[in-house]
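# Survey of secondary and tertiary structure
Next come the chains, spelled out residue by residue.
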2 protein chains.
Amino acid sequence: MKHILSREIPDYIEGYGSVKPFQGTFSDIGAKTRTAVKLTSVMPNQQKVILNLEEALDKLNIMDGMTVSFHHHLRNGDFVLNKVLETLAARGVRDLTVAASSIFPIHAPLVKHIENGVVTGLVSNYISGPVAEAVSKGKLKKPAIMQTHGGRARAIESGDLHIDVAFLAAPTADTYGNINGVYGKAACGSLGYAVADAEYADKTVAVTDHLVPYPASPIEISQAFIDYVVEIDSIGDPKGIVSGTTRITKNPVALIIAKRAAEVIKASGLVQDGMSFQTGAGGTSLAVAAELKKIMQQEGVVGSFASGGITGYLVEMLEEGLFRTLFDVQCFDLKAIESYRDNPTHQFMSASMYGNPHTKGAVVNNLDIMILGATEIDTNFNVNVTTGSDGVIMGGSGGHSDTAAGAKLAIVVTNLMKARLPIIKDKVMTITTPGESIDVVVTERGIAVNPRRVDLLEKLKTTRLPLMTINELKRLAETMTGVPKTIETSEEIVAVVEYRDGSIIDVVRKVK
Amino acid sequence: MKHILSREIPDYIEGYGSVKPFQGTFSDIGAKTRTAVKLTSVMPNQQKVILNLEEALDKLNIMDGMTVSFHHHLRNGDFVLNKVLETLAARGVRDLTVAASSIFPIHAPLVKHIENGVVTGLVSNYISGPVAEAVSKGKLKKPAIMQTHGGRARAIESGDLHIDVAFLAAPTADTYGNINGVYGKAACGSLGYAVADAEYADKTVAVTDHLVPYPASPIEISQAFIDYVVEIDSIGDPKGIVSGTTRITKNPVALIIAKRAAEVIKASGLVQDGMSFQTGAGGTSLAVAAELKKIMQQEGVVGSFASGGITGYLVEMLEEGLFRTLFDVQCFDLKAIESYRDNPTHQFMSASMYGNPHTKGAVVNNLDIMILGATEIDTNFNVNVTTGSDGVIMGGSGGHSDTAAGAKLAIVVTNLMKARLPIIKDKVMTITTPGESIDVVVTERGIAVNPRRVDLLEKLKTTRLPLMTINELKRLAETMTGVPKTIETSEEIVAVVEYRDGSIIDVVRKVK
């Protein structure tokens, strides 16, 4: 048994292997290796365009036990993962591992393939919907491996996650495999999460519904990395790919939280020229951006960059001169796609450049302020965004752990209670992000600073913000909600939570 | 002894190793490997900016026998190679191999380092000026290795050319190592030749005279690949980096050649929508572009791309709608730099994407028409652009062999005689590009089609172009110049000419 942040994890997990325990956010650094890559050279006059998915699969010689990968830029509008797996299942292939950067409700047909043994392994940074439920119920033969966005790029580049065939959904592809995400009916913008797959998979197939003459322009992923191009009718449903606009919350409690978070940021002293900022696309997160914007405008501050998944709101801040640049790993809305397409200061970043801890420096390393969400937080500031209060998988780290580790100020914004349950607990169901990389928790009732951040605490004491210890905050919630019942789990491990460096930070057990 | 295109090459060359003989343009294809890369991960708060070159060298721990690399985007204005080697020499380091994508007259101080044993190896795609003369005189301890632009990227990516430290001249660098070539006083545009060095060297140093706050925009080479950033006073002399404008020749003979070359192109049937084209920056080459432009305009043809080193003339053709895009590995003039900076259809390509034969398809694979120069051509169409008529090194392949191999129609344009010497000979001093990839030779007195291209010959027979066999063309020149004397060489090998796939196509011997 390994003891990880007071969890007991077996030394060896069946279907996963030996456990390398989490030992601190930056314990695994220094000399690293990007792995060698096998490829087959392509000669002049050789064609890459394949008639259909079936013919592509003939050429690819996909065998039982292989790993096939997918990116999630088409989000809940993605047709590619389902179509490819359906075609593979029809061929009788079994025991596949699906390495998909994220899984959404649209991927429900994957449950059937899991039940039938077509798919027995799943590696992903975020799993929601029916597949998450199926994994939680123990339907997948091997434990799912839940990574972070930066950790997935690290795993692929290091060779820890070997991909036999990458299927790259391509909103635009030319006949020689140059790809972009900015044109076509399934336009999604940045293809940041697809880069490592394209560069390191043994074989790569661009799957597109917008085949253009050579050469495409712009090029996000180069012909040098693509073996085949397949045109299909539709790679995705635009309605599920991007929202029209992302909106700031109107919920009064969320607005209070946002205002307080902005005051914490101001008091931290980080609001200065050259500052950098990241937040998610959720209503409360965007509300923090709106509050921060006011402060930046008042103080005449110009930031260096905002990063991550990009929303129209951050585009506006760029256009208003509040940031010099954006680093975009995925576009959340149409405005972001248009800006990414047209504005050269709205820059591309791959998942590796974004958050891989084993490069010569990821963008998260330069992040000042990060706004994070949480499903649960424990009194050591460990955060769960992997499982719900019922113990069932409903998400995963995505960039949570990557940005928390890199940012100078990682702020969790959350209601103190959700659905009559307290958010702060002695023990969270699953540790996604270690408390050592969380600096402060902001709720509508009080603000708790991680005791490791004595400097921040001193600064906040000069404000009128309602500071409490995390235990006080927990007790405050419990006076209103009572102490929630512990969720009973069996011993069976249904998912392994990998920290960004590939160590195990926790496991998810089957709910009883 | 190996017999290569009727040359005799030893099986083993001292200071180089075993000889893998050239066996045809596409004989070495199929399963290939991009090599693994060692790196040291960079943590948040770690600084990359180093005070000066000396401190950088302290950190890099450069030892005797190592390989240091440089790119040639600053051309004959480059200060970086000289400064770095001067600093290394002052530290007493010896036996270095310099892997510089090209060497120009400005690199004359390298001769001293060669004479002193500081530098004993040289790997380059193009060597001109005093260093070329020194190599030809046998001053370098080991034979120089002369590669092609695509072959260099191949060698680096495959691990054949292992770089210990890459020094990357950076017209603009930010404090975390993001680099571009479009801003700064030494702006040179595309940094295509620097990419493989950045990605595959053990250690990388960006050397800049324009250090900007994080993050730079645009980013051509990412922070993920850069260990250190050093600011120096000046990385180069703008006058040597780019010409103000590149001009079409006014020489009447050259204009005749250009006109005939354009007629060959027209007759080939390749002037059609989607056509692609590449030419060098020389006056005759540009004159071919001008003639081709007229034909394209007359026929209302829109090409897909022009590629290679880009000149203002090709930019004009892009802007006039004659090509949809440009692929730019280096900018030859200011107009090209501005276009590359501002026009998204003027696209970047790395040397690997440009011409590496061991990728999933280089841009040269899609090239229809390529205009090439020649110092000498033999009656088997083998071309020499490596040594002059005196047997002394004065250039090298650059992209010559890469584009000739890829293009559907590779045309050599040349005067039939230069300085009273015939260009076509029974035997060239050095084979740079194999005759099998040359389709036609166009001179002011006659046009010779490679007999392998029966199809092309048939098409040209329907025109009034002055067709001859290559032997007829040779004899025609010799009636005017006489048969030139053969240059006497010793047995000593001063340079090895590597074909793009890493095989040996010829050697350069010391002139007596």
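One structure accompanies this document, and this report is about it. Since the structure is predicted, the reported quantities are computational estimates derived from the model, not experimental observations.

## Examining the overall build of chain A
Each helix and strand counted, chain A has 15 helices and 33 strands in total. The C-alpha atoms of chain A give a radius of gyration of 22 Å, which matches the 24 Å a tight globule of 512 residues would have. Structurally, chain A occupies a C-alpha span of about 70 × 55 × 45 Å along its principal axes. The burial tally for chain A puts 64% of its 512 residues in the buried class. In chain A, of all internal contacts separated by at least 6 residues, the share reaching a separation of at least 24 is 72%. Per element, the accessible surface of chain A, about 17,600 Å² overall, is 50% carbon and sulfur. One finds the centroid of the 51 positive side-chain charges in chain A at a distance of 4 Å from the centroid of its 56 negative side-chain charges.

## Quick look at the side chain of Lys48(A)
Structurally, Lys48(A) is set in the loop between strand E6 (37-40) and strand E7 (49-50). No salt bridge is formed by the buried Lys48(A). Its closest oppositely charged neighbour is Asp227(A), at 6.9 Å. With sequence-adjacent residues up to four places away left out, Lys48(A) is seen in contact with Val42(A), Thr175(A), Tyr176(A), Gln223(A), Ile226(A), Asp227(A), Tyr228(A), Val229(A) and Lys360(B).

## Focus: the side chain of Asn450(B)
All names here are of chain B. Mapping Asn-450 onto the fold places it in the loop between strand E30 (447-449) and helix H14 (454-461). At a separation of 2.8 Å, a polar atom in the side chain of Asn-450 contacts the main-chain carbonyl oxygen of Ile-438. The residues touching Asn-450, leaving out its near neighbours within four places in the chain, are Phe-381, Gly-435, Glu-436, Ile-438 and Asp-439.

## Notes on the relation of the copies chain A and chain B
Rotating chain A by 180° and moving it 0.0 Å along the rotation axis overlays it on chain B with an RMSD of 0.0 Å. On this basis, the relationship between the two copies can be described by a two-fold rotation axis. Minimal C-alpha separation from the rotation axis in chain A is found for Ala36(A), amounting to 2.0 Å. A high fraction, 100%, of the interface residues of chain A reappear at the interface in chain B, so the copies pair face to face through one surface.

## Quick look at the nonpolar core
Counting residues in each nonpolar core, the largest one holds 172 residues, and the members touching the most others are Ile62(A), Val98(A), Leu110(A), Leu122(A), Phe167(A) and Ile411(A). It is helix H9 (residues 283-299) of chain A that provides the largest number of residues to this core, a total of 8 residues. For Phe167(A), the residues in contact, after removing those within four places along its chain, are Leu57(A), Leu60(A), Ile62(A), Val68(A), Ser69(A), Phe70(A), His71(A), Val84(A), Val205(A) and Val207(A). Formed by 137 residues, the second largest nonpolar core is a distinct cluster that contains Leu88(B), Ile156(B), Ile232(B) and Ala405(B).

## Regarding the packing of aromatic side chains
Inspection of the entire model under this criterion finds 16 aromatic pairs over all chains. Summarising the aromatic geometry, the rings of Tyr214(A) and Phe327(B) are spaced 6.1 Å apart at their centres and angled 45° between planes, so their arrangement reads as tilted. One end of the pair, Tyr214(A), is in the loop between strand E16 (211-212) and strand E17 (228-231); the other, Phe327(B), is in strand E20 (residues 323-331), on a second chain. The ring of Tyr176(A) is capped by Lys48(A), whose NZ or CZ atom sits 4.3 Å from the centre of that ring.

## A short note on the interface of chain A and chain B
The interface of chain A with chain B comprises 60 residues on the first partner and 60 residues on the second. Across the interface of chain A and chain B, roughly 4,600 Å² is buried in total on both sides, 54% from carbon and sulfur atoms. By the criterion of area lost to chain B, the three top residues of chain A are Arg34(A), Leu39(A) and Lys360(A), representing 20% of everything that side buries. Between Lys360(A) and Asp227(B) there is a salt bridge, and its shortest N-O distance comes to 2.8 Å. Between chain A and chain B we count 32 residue pairs in polar contact (both at pLDDT 80 or more) in total. Breaking the side of chain A that touches chain B down by element, the ones donating at least two residues are strand E5 (31-34), E6, strand E15 (203-208), strand E19 (303-310), strand E20 (323-331) and helix H13 (400-406) of chain A. Of the residues in the side of chain A that touches chain B, the class split is 28 nonpolar, 21 polar and 11 charged.

## Some points on the sheet that holds strand E14 (residues 179-180) of chain A
Residue and element names in this part refer to chain A. Read across the open sheet, the 3 strands follow the order E14-E13-E16; overall the sheet is mixed. Lying at the two open borders of the sheet, with one neighbouring strand each, are E14 and E16. Looking at chain direction, strand E13 (residues 172-174) and E16 are connected through 2 bridges and run parallel. Among the inter-strand pairings, Asp-174 is bridged to a residue of E16, identified as Val-212.

## Overview of the sheet that holds strand E32 (residues 489-498) of chain B
All names here are of chain B. Overall, mixed pairing links the 10 strands, which are arranged E7-E17-E15-E12-E8-E9-E10-E11-E32-E33 in an open sheet. In this open sheet, the two edge strands, each paired with only one partner strand, are strand E7 (49-50) and strand E33 (504-511). For strand E11 (residues 144-146) and E32, the ladder comprises 3 bridges, and the chain directions are parallel. In the sheet register, Ala-144 faces E32, and the bridge partner there is Ala-495. Taken strand by strand, helix H1 (residues 53-60) contacts E7, strand E12 (165-170), strand E15 (203-208) and strand E17 (228-231), and its axis lies near 160° from that of E17. Here helix H2 (residues 80-90) sits on the sheet and contacts strand E8 (67-70), strand E9 (96-100), strand E10 (119-124), E12 and E15; the angle it forms with E9, its principal contact strand, is near 170°.

## Regarding unusual backbone geometry
A negative phi angle characterises most non-glycine residues, just as the trans form characterises most peptide bonds. Residue Pro218(A) follows Ser217(A) across a cis peptide bond; omega there is -5°. Among the secondary structure elements, Pro218(A) is positioned in the loop between E16 and E17. Each neighbour pair has its own omega, and for Tyr214(B) with Pro215(B) the value is -10°, a cis peptide bond. Examined against the element boundaries, Pro215(B) turns out to sit in the loop between strand E16 (211-212) and E17. Even without being a glycine, Arg75(B) presents a positive backbone phi close to 45°. By the secondary structure assignment, Arg75(B) is in the loop between E8 and H2.

## Notes on helix H10 (residues 312-319) of chain B
All names here are of chain B. Summarising burial for H10: 6 of the 8 residues are buried, a large majority. Burial in H10 covers these residues: Gly-312, Tyr-313, Leu-314, Val-315, Met-317 and Leu-318. Residues of H10 that are buried make contact with strand E18 (276-278), helix H9 (283-299), strand E19 (303-310), E20, helix H11 (334-342) and strand E21 (346-348). Phi turns positive one or two residues past the end of H10, at Gly-321, with a value near 85°.

## Re the packing of H10(B) against H11(B)
Residues and elements named next belong to chain B. Interaxial distance between H10 and H11 falls to 7 Å at its minimum, and their mutual angle equals 45°. With respect to H11, the element H10 is oriented oblique. Residues Gly-312, Val-315, Glu-316, Leu-318 and Glu-319 of H10 touch H11, and the partners they reach there are Lys-335, Ala-336 and Ser-339.

## Considerations on the environment of Lys293(A)
All names here are of chain A. Looking at where Lys-293 falls in the secondary structure, it is placed in helix H9. Here the alpha-carbon distance between Lys-293 and Leu-314, two residues 21 residues apart in the chain, equals 9.7 Å. Excluding residues within four positions of it along the chain, Lys-293 makes contact with Tyr-313, Glu-316, Met-317, Glu-320 and Leu-322.

## Some words on the pattern of salt bridges
Tallying each qualifying case throughout the model produces 58 salt bridges over all chains. Between Arg154(B) and Asp160(B) there is a salt bridge whose closest N-O contact spans 3.0 Å. With its nearest N and O atoms 3.0 Å apart, the salt bridge here joins Asp342(B) to Arg341(B). Among the ionic contacts, a cluster of salt bridges with common partners joins Lys20(A), Asp28(A) and Lys32(A).

Conventions and cut-offs
Residues numbered from 1 in each chain as written. Chains lettered and ligands numbered in written order. Predicted model: local features only at pLDDT ≥ 70, side-chain atom pairs only at ≥ 80, totals over all residues. Heavy atoms only, no water. Helix = DSSP H or I, 4+ residues; strand = E, 2+ residues; numbered from the N terminus. Rg over C-alpha atoms; globule rule 2.2 N^0.38 Å. Buried < 20%, exposed > 50% of the residue type's maximum accessible area, 1.4 Å probe, protein only. Contact = heavy atoms within 4.5 Å. Areas by Shrake-Rupley, 256 points an atom, 1.4 Å probe, with all protein chains shown as cover. Lys, Arg positive; Asp, Glu negative; His and termini not counted. Charge placed at Lys NZ, Arg CZ, Asp CG, Glu CD. Salt bridge = Lys/Arg side-chain N within 4 Å of Asp/Glu carboxyl O. Polar contact = N/O pair within 3.5 Å; in protein donor to acceptor, adjacent residues only side chain to side chain. Least-squares fit on C-alpha atoms with pLDDT ≥ 70 in both. Core = buried A, V, L, I, M, F, W, Y, C linked by side-chain atoms within 4.5 Å. Phe/Tyr/Trp six-rings, centres within 6.5 Å; stacked < 30°, edge-to-face > 60°. Lys NZ or Arg CZ within 6 Å of the ring centre and 35° of its normal. Buried area = accessible area lost by both parts, 1.4 Å probe. Nonpolar A, V, L, I, M, F, W, Y, C, P; charged D, E, K, R; others polar. Pairing = 2+ DSSP bridges. Axes fitted to C-alpha atoms, helices over the stretch in contact; angles between N-to-C directions. Parallel < 35°, antiparallel > 145°, perpendicular 65-115°, else oblique.

Functional significance is not addressed by these values, which are geometric in nature.
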